[in-house]
Amino acid sequence: MTRTPGRLAPAAGIFLLAALLLLTGCGDGEVRPGAAAIVGDQRITTEGLQSLVERGLADPQAAQQLGADRAAYQRQALSRLINTAVLERAAEDEGVTVTSGDVARQIGRFEEQAGGRQPLEEQAAQSGISPQDLEDFVRSIVLDQALGDALTEDLAVPAADLRALYQENLAEYDQVRSRHILVPDEPSAARILAEVEQDPTRFPELAAEFSTDASNKEAGGELGAAGRGQFVPEFEKAIFDAEPGDVLLVQTQFGFHVVEVLERQTTSLEEATPELRRAALQQPRQERMQQLLQETSQQMGVSVNPRFGRWNPESGQVEPAEDPNGVLTPAPEGEPLQPGVPGAPPAGAPPAEAPVEQPAG
């Protein structure tokens, strides 16, 4: 343990805090048996929905937290599928596209925040996003960012505002990636330090064997990239004063740490400007996105199989379908299904943009 209490790893926040823009629309198509929803001319099959749900609940932590209310998670998964269809149509209408390279770069940034591909996949899986679905999930984030950028490119942000926002979030732009082995006494730490200095490649092996920090020992002691204010003071000073490749012995309130500084990651004001603009223009960006997505969903038409719920136009969420007496009334298998309640899903907004996560909302 080295972090100050209450810190949520950035990449984990990406998935746990995923918030979507609200929009409304109309649905006038008949939902046929075997379809979970109809979005325009796109049919979301029940088989596709169930596969997405099963993959999302494959992780034990996701199964425990999200699977406790499987129906609610299923509605969330269906919303995500519809969100993607609406978002992609809106982007197509506006001439906005993203490439596989754009998606790969965003995944790379998330990997840096999480401390590697495996930790990123683990954090995503714990939040119900399977490794198989991670790329598509990130693609929706990137497409949403690109569409929002296009809709607000005519708005100016004063340079002074960008600089101020950069300074406020400097911890996101100057980060150190490190790993550690935590032990209770100095002699043990000194012995491990000597072994690491002799053969740095043994660090993950030694972490797995000796570290008392159960949260990362199986990941080789990897702590990911972190800015100032995210570790206890002694640990923070040591890693920010060091150079990449340095191996240190640090004492904190938790014990003795053998630390390897892996990388210093800095982002200039110029490089951060796209994210800073998104943060500064959050309100008009959301308003323009919402208006466009409302119009798009109205043009497409969205209908939901009442077996899986109904759309609430006020919240933009799939909710349980109930009869006037408040009793759940799923449609029996094989019977003709009526059109779903009008409405459209939220469209995927970037929940935590790297590196300006919190201001971007």
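In the block above lies the structure referred to throughout.
Now for a quick tour of the structure.

## Remarks on the overall build of the chain
So, point 1. Assigned secondary structure in the chain consists of 14 helices and 11 strands.
So, point 2. In the chain, which comprises 361 residues, the share counted as buried stands at 48%.
So, point 3. Here the analysis covers contacts within the chain between residues at least 6 apart in sequence; of these, 75% occur between residues at least 24 apart.
So, point 4. Of the roughly 16,800 Å² that the chain leaves accessible, carbon and sulfur atoms contribute 48%.

## Quick notes on the sheet that holds strand S4 (residues 174-183)
So, point 1. The strand order across the open sheet formed by 4 strands is S5-S4-S7-S6, and the pairing between neighbours is antiparallel. Edge positions in the open sheet fall to strand S5 (222-227) and strand S6 (247-252), since each of these has one partner strand only. The average undirected angle you get between the axes of adjacent strands in this sheet is 40°.
So, point 2. Direction of pairing for S4 relative to S5: antiparallel, over a ladder of 5 bridges. Among the inter-strand pairings, Val176 is bridged to a residue of S5, identified as Ala226.
So, point 3. Packed on one face of the sheet, helix H5 (residues 100-114) meets S4, S5 and strand S7 (255-266) and runs near 105° to S5.
So, point 4. This element, helix H12 (residues 233-241), spans S4, S5, S6 and S7 of the sheet and lies at about 165° to S6.

## A look at the nonpolar core
So, point 1. Val39, Ile44, Leu49, Leu78, Ile82, Val138 and Leu147 are the most contacted members of the largest nonpolar core, which totals 41 residues.
So, point 2. Elements supplying a minimum of two residues to this core: strand S2 (35-39), helix H2 (46-56), helix H4 (70-93), H5, helix H6 (117-126), helix H7 (131-151), helix H14 (282-300) and strand S8 (302-304).
So, point 3. Element by element, the count of residues in this core is highest for H4, at 9 residues.
So, point 4. Sequence-distant contacts of Leu49, defined by excluding residues within four places in its chain, comprise Ala36, Gln74, Ala77, Leu78, Leu81 and Phe308.
So, point 5. Counting residues in hydrophobic clusters, the runner-up holds 14 residues, among them Ala226, Leu248, Val250 and Val259.

## Focus: the environment of Thr296
So, point 1. Here Thr296 lies in helix H14.
So, point 2. Distance in space between the C-alpha atoms of Thr296 and Gly40 is 9.8 Å, their sequence separation being 256 residues.
So, point 3. At 2.9 Å, the side chain of Thr296 and the backbone oxygen of Leu292 are in polar contact.

## Some words on the side chain of His180
So, point 1. Inspection of the secondary structure assignment puts His180 in strand S4.
So, point 2. Given the relative accessible area of 0%, His180 is considered buried.
So, point 3. Reaching out from His180, the side chain makes a polar contact with the side chain of Asp213 at a distance of 2.9 Å.
So, point 4. For His180, the side chain forms a polar contact with the side chain of His257, separated by 3.0 Å.

## Let's talk about the environment of Ile192
So, point 1. By the element assignment, Ile192 lies in helix H10 (residues 186-198).
So, point 2. Residue Ile192 is classed as buried on the basis of its relative accessible area of 0%.
So, point 3. Sequence separation between Ile192 and Phe203 is 11 residues; the distance between their C-alpha atoms is 8.9 Å.
So, point 4. Those residues in contact with Ile192 that sit more than four places away from it in its chain are Ile181, Val183, Leu206, Phe210 and Val258.

## Some words on the pattern of salt bridges
So, point 1. Following the criterion strictly, the structure yields 20 salt bridges and no others.
So, point 2. The partner of Glu111 in a salt bridge is Arg117, and the shortest N-O contact between them spans 3.2 Å.
So, point 3. What makes Glu111 partly exposed here is its relative accessible area of 21%.
So, point 4. A salt bridge links Asp149 to Arg278, with the shortest nitrogen-to-oxygen separation between them at 2.8 Å.

## Points about the environment of Phe308
So, point 1. Tracing the sequence through the fold places Phe308 in the loop between S8 and strand S9 (310-312).
So, point 2. Here Phe308 falls in the buried class, since its relative accessible area comes to 6%.
So, point 3. In this structure Phe308 touches Ala36, Thr46, Leu49, Gln50, Gln74, Arg75, Leu78 and Val318, once residues within four positions along its chain are discounted.

## Concerning H4
So, point 1. If you check H4, its first and last C-alpha atoms are 35 Å apart, about what 24 residues at 1.5 Å a residue would give, namely 34 Å.
So, point 2. One or two residues past the end of H4 sits Gly95, with phi positive at roughly 75°.

## Side note on H5
So, point 1. The terminal C-alpha atoms of H5, which comprises 15 residues, lie 21 Å apart, in line with the 21 Å expected from a rise of 1.5 Å per residue.
So, point 2. Where H5 is concerned, the buried positions are Val103, Gln106, Ile107, Phe110, Gln113 and Ala114. All buried residues of H5 fall inside an arc of 110° around its axis, so they share one side.
So, point 3. Remark: Gly115 follows H5 within two positions and exhibits a positive phi of approximately 100°.

The rules behind the values
Residues numbered from 1 in each chain as written. Predicted model: local features only at pLDDT ≥ 70, side-chain atom pairs only at ≥ 80, totals over all residues. Heavy atoms only, no water. Helix = DSSP H or I, 4+ residues; strand = E, 2+ residues; numbered from the N terminus. Buried < 20%, exposed > 50% of the residue type's maximum accessible area, 1.4 Å probe, protein only. Contact = heavy atoms within 4.5 Å. Areas by Shrake-Rupley, 256 points an atom, 1.4 Å probe, with all protein chains shown as cover. Pairing = 2+ DSSP bridges. Axes fitted to C-alpha atoms, helices over the stretch in contact; angles between N-to-C directions. Core = buried A, V, L, I, M, F, W, Y, C linked by side-chain atoms within 4.5 Å. Polar contact = N/O pair within 3.5 Å; in protein donor to acceptor, adjacent residues only side chain to side chain. Salt bridge = Lys/Arg side-chain N within 4 Å of Asp/Glu carboxyl O. Expected span 1.5 Å × (residues − 1). Arc of directions from axis to C-beta.

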